[in-house]
Amino acid sequence: MDEAYRKQVLKTFFKNGVLLKIPEQNRKKDVVLEKISSKLIPEKMYSDDELNEILKKLYPDFEKLKAELLASRFVKKTKGLICKTN
């Protein structure tokens with residue numbers, strides 16, 4: 001993916017580190033979700049509450065954001081815990 005495109009998408013959908021809205025278009029959504037998942041520590045297992053606290057700081061509807069991360073497979077849920085995928 002073109003770096004200029006990534007930067008433009010992030011500039012459009014984030015302000016002061018906060019997500020303004022979740023993009024409808026899948027390509028843009030992937031850029032945004034990748035950025036959000038980069039805030040997670042690889043191989044760390046997060047409880048729902050831990051992940052919610054991180055996501056609340058990024059977007060008011062953190063449950064929808066978590067669902068998008070799971071649906072797009074940027075994170076996975078195993079035995080009640082959530083971790084970043086590779």
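Rules of the game
- Residues numbered from 1 in each chain as written.
- Predicted model: local features only at pLDDT ≥ 70, side-chain atom pairs only at ≥ 80, totals over all residues.
- Heavy atoms only, no water.
- Core = buried A, V, L, I, M, F, W, Y, C linked by side-chain atoms within 4.5 Å.
- Buried < 20%, exposed > 50% of the residue type's maximum accessible area, 1.4 Å probe, protein only.
- Helix = DSSP H or I, 4+ residues; strand = E, 2+ residues; numbered from the N terminus.
- Axes fitted to C-alpha atoms, helices over the stretch in contact; angles between N-to-C directions.
- Parallel < 35°, antiparallel > 145°, perpendicular 65-115°, else oblique.
- Contact = heavy atoms within 4.5 Å.
- Nonpolar A, V, L, I, M, F, W, Y, C, P; charged D, E, K, R; others polar.
- Salt bridge = Lys/Arg side-chain N within 4 Å of Asp/Glu carboxyl O.

(A) Seen up close, the nonpolar core. Counting 23 residues, the largest nonpolar core has Phe-14, Leu-19, Val-32, Ile-36, Leu-55, Leu-65 and Leu-69 as its most contacted members. Elements that contribute at least two residues to this core include exactly helix 1 (3-13), helix 2 (26-37), helix 3 (48-56) and helix 4 (62-71).

(B) Representation of the packing of helix 2 against helix 4 in the model. Orientation of helix 2 relative to helix 4, taken along the N-to-C sense of each, is 105 degrees, at an axis distance of 10 Å. Considered as vectors, helix 2 and helix 4 are oriented roughly perpendicular to each other. Residues Lys-29, Leu-33, Ile-36 and Ser-37 of helix 2 pack against Leu-65, Glu-68 and Leu-69 of helix 4. Among the residues making up the contact of helix 2 with helix 4, the classes are represented as four nonpolar, one polar and two charged.

(C) Structural context of the packing of helix 3 against helix 4. Interhelical geometry of helix 3 versus helix 4 gives an angle of 110 degrees and a closest axis separation of 9 Å. On the basis of the axis angle, helix 3 is roughly perpendicular to helix 4. Packed against helix 3, whose contacting residues are Asp-48, Leu-51, Asn-52, Leu-55 and Lys-56, the element helix 4 presents Phe-62, Glu-63, Leu-65, Lys-66 and Leu-69 at the interface.

(D) Fine view of the environment of Thr-78. Mapped onto the elements of the fold, Thr-78 is located in strand 3 (residues 75-78). When its relative accessible area of 35% is taken as the criterion, Thr-78 is described as partly exposed. Residues Thr-78 and Met-45, spaced 33 residues apart in sequence, show a C-alpha to C-alpha distance of 9.0 Å.

(E) Structural view of unusual backbone geometry. Positive phi is not limited to glycine here, since Asn-16 has a value of about 55 degrees. Tracing the backbone shows Asn-16 in the loop between strand 1 (14-15) and strand 2 (18-19). Of note in this structure, Glu-43 is not a glycine but carries a positive phi near 70 degrees. One can find Glu-43 in the loop between helix 2 and helix 3. Classification of Glu-43 by relative accessible area gives exposed; the value is 71%.

(F) Representation of the pattern of salt bridges within the structure. Evaluation of the coordinates by the stated rule reveals eight salt bridges. With a closest N to O distance of 3.8 Å, Glu-50 and Lys-44 form a salt bridge. Look at Glu-50 and you get partly exposed, because its relative accessible area is 36%. Judged by its relative accessible area of 30%, Lys-44 is partly exposed. The salt bridge involving Lys-77 is made with Asp-48; its shortest N-O contact spans 3.0 Å. On the criterion of sequence distance, the pair formed by Lys-77 in strand 3 and Asp-48 in helix 3 is long-range, its members being 29 residues apart. One network of salt bridges, in which partners are shared, links Asp-48, Glu-63, Lys-66 and Lys-77.

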